[in-house]
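Survey of secondary and tertiary structure
Here are the chains, one letter per residue:
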There are 2 protein chains.
Amino acid sequence: DLRLNEENARFALLALLMAGYLLCGAAVFSAIEHPTELENHRRWNRTLLSFTQRFNISPGEFRRFLREYEVAMAKGIRVDALRPRWDFAGAFYFVGTVVSTIGFGMTTPSTITGKIFLIFYGMMGCAGTILFFNLFLERVITLLAVLMKGFRRGGLCLRGGDPETDPGQEEGGGGEPGQLSVWKPSVYNVMLILGLAASLIAFCASALYTPIEGWSYVDSLYFCFVTFSTIGFGDLVSGQRGSYENQTLYGLGNFSFMLLGVCCLYSLFNVISIVIKQFLNWLLSRCCFCSRH
Amino acid sequence: DLRLNEENARFALLALLMAGYLLCGAAVFSAIEHPTELENHRRWNRTLLSFTQRFNISPGEFRRFLREYEVAMAKGIRVDALRPRWDFAGAFYFVGTVVSTIGFGMTTPSTITGKIFLIFYGMMGCAGTILFFNLFLERVITLLAVLMKGFRRGGLCLRGGDPETDPGQEEGGGGEPGQLSVWKPSVYNVMLILGLAASLIAFCASALYTPIEGWSYVDSLYFCFVTFSTIGFGDLVSGQRGSYENQTLYGLGNFSFMLLGVCCLYSLFNVISIVIKQFLNWLLSRCCFCSRH
Ligand SMILES: [K+]
Ligand SMILES: [K+]
């Protein structure tokens, strides 16, 4: 029937757009990063050659040693002492990266027992965290609705449009976790506020990381985005050095920023995805479906 | 008012349960992995000492060299040649791990331009992918509904309960992406089918990875869970060697398994989160709220 066709068309259109988005992204990133990669390889080969020649180490021998070092690094060993990986605090950081699906990978289970336990532990933990994020978004929307109702009553209406006829409003509560029956803030309002909140958290967190971790401000912002979006590359990970000044306080601040940031960015992604859905609907209504009716 | 109180209580209860879950998980993982960590450190120190003594390298000098190697490794350099990171195929793999938020971290942007571009690229990409997953779940529920309707009509009803009075059913379509107005399969049905599908995909994918990547079957299953859940530690990453037999075919199979697996497990997590929500509601109705009414 017609509704099914429309849903299938929307899904196919999105798949097509995403494929194009990936191809374009791959081309751009390749253009940006490829020259640096070649330069890095050249520089490393020079360093390696000069070191083996200086100490008269046979290349085969040295490769065998470096292979062992790679295995050791995968188990969390570094030249400069890092914090212990599997003391209680380290394990707590680890399970945090599991249930949030950030997965930095600075700590990974190396025993078979640990790996099997991770599968079952992660299954429940990730589901619980998704629920936590969804309830958080629900809470945010409720809070915004209450606040805006207050503004309206006080005559401080910030938006020109009538909320009852706002096109963004039906979608905002329809497909997504927040279900406010009485009055809903538009998706655009929620998107704006979440975007501002996420930016503010990222800027504040970066101001914390820059002096303490010794990263540049851009690197700190990049770390914040990679963490809050739960991508979690692991090229930069906060709180990994052996010791910090005010260790406990920093750990607490780090945890709070990450929790808040992940909640905000998860909610923001969900709200942006609603806007993209509206855009798809608009595209579909403009092109083929219109002509068939 | 009462509904708001209930929502707040549910959120607080979940936060409490999650905190407990994290603490228990940290204790268990610490107990499993801590002894191995100590053993790894002892073994590595022996290897390091014997190597520096044999070639008469001063420890300070060697530490400086290994520090350089760590920096080079972060940029994707390994002893055994890996596939190029930033050719088009590598960049495509990279953007795939970005928009899916898997973020293995085997490839990360090292230029400032790349890092800043990533923030904007990831913002839209992650939102698009969340929509893709949500539409996928919607499609699955629709498909199941159609299939089950067919079974019912043909007299092949598999479940004993009447779907019209099934307690799982109202929740299944209420808070979550799939909104089927006519007839909905219960959350438990969807959970079972998604769980079976995800397991089947993981078992098949592991059967592919075990011979080609040379991982043990348990490691392959662990890799599948870590990837499909979008945790993406990056301790094991498929398709990274310099060359494979049937490279293109393997790349395609790898991509397909990951896409299917991530879609299934994302949907499964969402469905499990609905069951957890029902469990929270049941807990709340049992304890304090009941006595107040
Ligand atoms: K990751
Ligand atoms: K991740």
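Further up the page is the structure itself.
None of these values were measured; they are calculated from a predicted model. (Residues numbered from 1 in each chain as written. Chains lettered and ligands numbered in written order. Predicted model: local features only at pLDDT ≥ 70, side-chain atom pairs only at ≥ 80, totals over all residues. Heavy atoms only, no water.)

Some words on the packing of helix H2 (residues 59-74) of chain A against helix H2 (residues 59-74) of chain B
Helix packing for two helices is described by the angle between their axes and how far apart those axes are. Taken N-terminus to C-terminus, the directions of H2 of chain A and H2 of chain B make an angle of 65°; their axes are 12 Å apart at the nearest point. Judged on the interaxial angle alone, H2 of chain B and H2 of chain A are roughly perpendicular. Crossing handedness for the pair H2 of chain A and H2 of chain B: right-handed. Contact residues: Phe-62, Phe-65, Leu-66, Tyr-69, Glu-70 and Met-73 of chain A in H2 of chain A; Phe-62, Phe-65, Leu-66, Tyr-69, Glu-70 and Met-73 of chain B in H2 of chain B. (Axes fitted to C-alpha atoms, helices over the stretch in contact; angles between N-to-C directions. Helix = DSSP H or I, 4+ residues; strand = E, 2+ residues; numbered from the N terminus. Parallel < 35°, antiparallel > 145°, perpendicular 65-115°, else oblique. Left-handed = near helix turned anticlockwise from the far one by under 90°. Contact = heavy atoms within 4.5 Å.)

Re the pattern of salt bridges
A complete count under the given rule lists 14 salt bridges over all chains for this structure. One salt bridge connects Glu-39 of chain A with Arg-43 of chain A, and the closest N-O pair in it is separated by 3.7 Å. Pair noted here: Glu-39 of chain A and Arg-43 of chain A are both in helix H1 (residues 2-54), with a separation of four residues, about one helical turn. Exposure remark for Glu-39 of chain A: the relative accessible area of 29% places this residue in the partly exposed category. In this structure, the salt-bridge partner of Glu-39 of chain B is Arg-42 of chain B, at a minimum N-O distance of 3.3 Å. With Glu-39 of chain B and Arg-42 of chain B both in helix H1 (residues 2-55), this residue pair falls three residues apart, about one helical turn. (Salt bridge = Lys/Arg side-chain N within 4 Å of Asp/Glu carboxyl O. Buried < 20%, exposed > 50% of the residue type's maximum accessible area, 1.4 Å probe, protein only.)

Observations concerning the interface of chain A and chain B
Each side of the interface is counted separately: chain A has 127 residues, and chain B has 127 residues. Roughly 11600 Å² is buried in total at the junction of chain A and chain B, and carbon and sulfur atoms are behind 72% of that figure. When the area that chain A buries against chain B is broken down by residue, the three leading residues are Phe-29, Trp-86 and Phe-233 of chain A, summing to 6%. There are ten salt bridges connecting chain A and chain B. Across the pair Arg-139 of chain A and Glu-7 of chain B runs a salt bridge whose closest N-O atoms are separated by 2.1 Å. In this assembly, chain A and chain B are joined by 25 residue pairs in polar contact (both at pLDDT 80 or more). Within the residue set of the side of chain A that touches chain B, elements represented by two or more residues are H1, H2, helix H3 (88-99), helix H4 (112-153), helix H7 (217-228) and helix H8 (247-286) of chain A. In terms of residue count, the dominant contributor to the side of chain A that touches chain B is H1 of chain A (30 residues). Across the side of chain A that touches chain B, the residue classes break down as 69 nonpolar, 35 polar and 23 charged. (Buried area = accessible area lost by both parts, 1.4 Å probe. Polar contact = N/O pair within 3.5 Å; in protein donor to acceptor, adjacent residues only side chain to side chain. Nonpolar A, V, L, I, M, F, W, Y, C, P; charged D, E, K, R; others polar.)

On their own, these measurements won't tell you what the molecule is for.
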